[in-house]
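Listed below are the residues making up each chain.
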Amino acid sequence: MALAQKNTMHPELLFSQFAVQLSPFLEAAGLEASFFTDPEVECSAASLVKLLELAGRNLDDSIGLRFGAQIRSSDMGVLGQALRSMDRLGDTLNGLSRYMVTRSQAERVEVIELDRLVVLSYQLADPSITQKRQDAEFSLAAMLSCIRDLTRCTVMPVRVDFEHAAPKDLSCHREMFHCPMRFAQDCNRLYFNKSVLDLPICTSNRRLLQALQPYLEEQRKLRSQSANLLIDVSGAIATELGRGRVGVVQVAEAMNLSVRTLQRRLRELDLEFGTVVEDVRRALAIEYVGNSSYRLTDVALMLGYTEASSFSRAFRRWTNLTPREYRKTSGLA
């Protein structure tokens, strides 16, 4: 099974309210029409991120922010119901961090408490997904919107960080966050005054929470093991590719595992090491060629190819086009 199919999300109809805007891009993103109608649908994280990126390029450059601002905790299925049932905002944020994997194996949320601030960080941990501005902006806006919905307070961050470069038009960002923003950072983050942790959740329901937690704990254990391994393996492969020496020995060493242990854990997920390398290499190649200004010879080196001709043959095998032809179709040539 391909790596991209292992890093999955359960949208649980989260995006059904945006079906009119997003439907034209389903096929290009590799998604079925049931994405908007089936509460049990499971899709790859890469496909969902691509769907938002396509909408951003073709409809509205700030579509991630606009969609995220409309999200409420009740849109998030079982996870959302559990978060709505907790007592304090601090409990809810820690619950989001703990149980996010039940919704998505590619997303990581962390709560960091400082002296006077609390930081809510968000990141896509799949290194093969490189174009992800709309996802980041959607996720930070959605988290802020849910915080305001749950507390019935106009909670304001004191700072916001984004991984991507600053867009030309920041009017929508200023309207959403009303605080200083930094771009091209190492992670996406919302900073709040620490006092927000004590805000009560207006929909608190301990009995419902007690009923939901066993299910969420079971799902967390089932999905965490595979998610952590896939993230770590794909990250190590992406790093080693640039060094031109990607092999099972080097990747195992980078992960502080023996080769035998790494191979055994991959087999438990019905994966072979060579398949994972091919998946990461293909995903990065398509992103670098189609969505960046890197020279094609540099892309080949970044992916561990010592000869441009070898990279070109591999790329044609993946896409039926040469890198140059593919770049022309993306409008970058």
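All figures in this text were calculated on a predicted structure; none of them were measured in a lab.

Trainee: Could you clarify how one ought to interpret the overall build of the chain in this entry?
Mentor: Looking only at helices and strands, the chain features 16 helices and 7 strands. Over its C-alpha trace the chain gives a radius of gyration of 21 Å, about what one expects of a compact globule, namely 20 Å for 333 residues. Counting only C-alpha atoms and orienting by the principal axes, one finds that the chain spans roughly 60 × 45 × 45 Å. Restricting to contacts in the chain with at least 6 residues of sequence separation, those with at least 24 account for 67%. Carbon and sulfur atoms form 47% of the exposed surface of the chain, whose accessible area is close to 15,900 Å².

Trainee: Even after reading the chapter, I still don't get the sheet that holds strand β4 (residues 117–124), so can you show me in this structure?
Mentor: Hydrogen bonds between backbone groups are what pair the strands of a sheet, and the pairing can be parallel or antiparallel. Taken in spatial order, the 5 strands of this open sheet run β3-β4-β7-β5-β6, and their pairing is mixed. Each having just a single partner strand, β3 (107–113) and β6 (181–182) make up the two edges of the open sheet. Taken together, the 2 bridges between strand β5 (residues 159–161) and β6 define a ladder with parallel strand orientation. Looking across to β6, one finds that D161 is bridged to R182. On top of the sheet, helix α7 (residues 89–103) reaches β3 and β4; it is set at about 165 degrees to β3, its chief contact.

Trainee: So what exactly am I meant to see when it comes to the packing of aromatic side chains here?
Mentor: In this description, an aromatic ring pair is defined by two values, namely the gap between the centres and the angle between the planes. Applying the stated rule across the entire model yields 11 aromatic pairs. Ring geometry for F35 versus F36: centroids 5.2 Å apart, planes at 75 degrees, classification edge-to-face. Taking relative accessible area as the criterion, F36 reaches 10% and is therefore assigned buried. With a centroid separation of 6.5 Å and an interplanar angle of 70 degrees, the aromatic rings of F315 and W318 are classed as edge-to-face. Taken together, the residues span about one helical turn, with F315 and W318 both in helix α15 (residues 308–319) at a distance of 3 residues. The same class applies to F315 as to W318, namely buried. Put simply, the rings of Y305, F311, F315, W318 and Y326 pair up and form one aromatic cluster. A cation over a ring is seen here: R159 above Y191, with NZ or CZ 3.9 Å from the ring centre. Here R281 stacks its cationic end above the ring of Y305, 4.7 Å away from the centre of that ring.

Trainee: In this structure, what is going on with the environment of L241? I would like to understand it.
Mentor: Mapped onto the fold, L241 is located in helix α10 (residues 206–242). The buried category is assigned to L241, whose relative accessible area is 0%. The contact partners of L241, leaving out residues within four places of it in the chain, are V246, V280, R281, L284, L301, M302, L303 and G304.

Trainee: Would you explain the nonpolar core in this entry?
Mentor: Within soluble globular proteins, side chains that are nonpolar generally end up buried alongside one another. Judged by nonpolar contacts, the single largest core of 69 residues is most densely connected at F15, F35, L51, F138, F177 and L190. Looking at which element gives the most residues to this core, the answer is helix α8 (residues 133–151), with 9 residues. Not counting residues up to four positions away in its chain, the partners in contact with F138 are L14, F15, F18, L52, G64, L65, F67, G68 and I71. Counting residues in hydrophobic clusters, the runner-up holds 30 residues, among them L230, A252, V299 and F315.

Trainee: What is the right way to read the pairing of strand β7 (residues 188–193) from this model?
Mentor: Side-chain direction in a regular strand flips from residue to residue, so the side chains alternate between the two faces of the sheet. Of all 6 residues that make up β7, 5 are buried, and the element is covered over most of its length. In this structure, β4 lies alongside β7, joined through 6 bridges in antiparallel fashion. When the sheet's bridge partners are listed, Y122 is paired in β7 with N188. Of the pairings in the sheet, the one linking β5 to β7 comprises 3 bridges and is antiparallel in character.

Trainee: Where do I start with the confidence of the model for the chain in this structure?
Mentor: Low pLDDT means the predicted coordinates in that region are not meant to be read closely. On average, residues of the chain score 90 in pLDDT, and 96% of them are at 70 or above. Note that pLDDT drops below 50 for residues 1–5; the model gives that stretch 14 contacts with residues more than four away or on any other chain.

Trainee: Can you walk me through the side chain of D161 in this structure?
Mentor: Assignment of secondary structure puts D161 in strand β5. On the accessibility criterion, D161 (0% relative accessible area) is buried. Side-chain polar atoms of D161 contact the side chain of Y191, separated by 2.9 Å. If near-sequence neighbours (up to four positions away) are discounted, D161 is found in contact with L140, R182, Q185, C187, N188, R189 and Y191.

Conventions used here
- Residues numbered from 1 in each chain as written.
- Predicted model: local features only at pLDDT ≥ 70, side-chain atom pairs only at ≥ 80, totals over all residues.
- Heavy atoms only, no water.
- Helix = DSSP H or I, 4+ residues; strand = E, 2+ residues; numbered from the N terminus.
- Rg over C-alpha atoms; globule rule 2.2 N^0.38 Å.
- Contact = heavy atoms within 4.5 Å.
- Areas by Shrake-Rupley, 256 points an atom, 1.4 Å probe, with all protein chains shown as cover.
- Pairing = 2+ DSSP bridges.
- Axes fitted to C-alpha atoms, helices over the stretch in contact; angles between N-to-C directions.
- Phe/Tyr/Trp six-rings, centres within 6.5 Å; stacked < 30°, edge-to-face > 60°.
- Buried < 20%, exposed > 50% of the residue type's maximum accessible area, 1.4 Å probe, protein only.
- Lys NZ or Arg CZ within 6 Å of the ring centre and 35° of its normal.
- Core = buried A, V, L, I, M, F, W, Y, C linked by side-chain atoms within 4.5 Å.
- pLDDT = per-residue confidence, 0-100.
- Polar contact = N/O pair within 3.5 Å; in protein donor to acceptor, adjacent residues only side chain to side chain.

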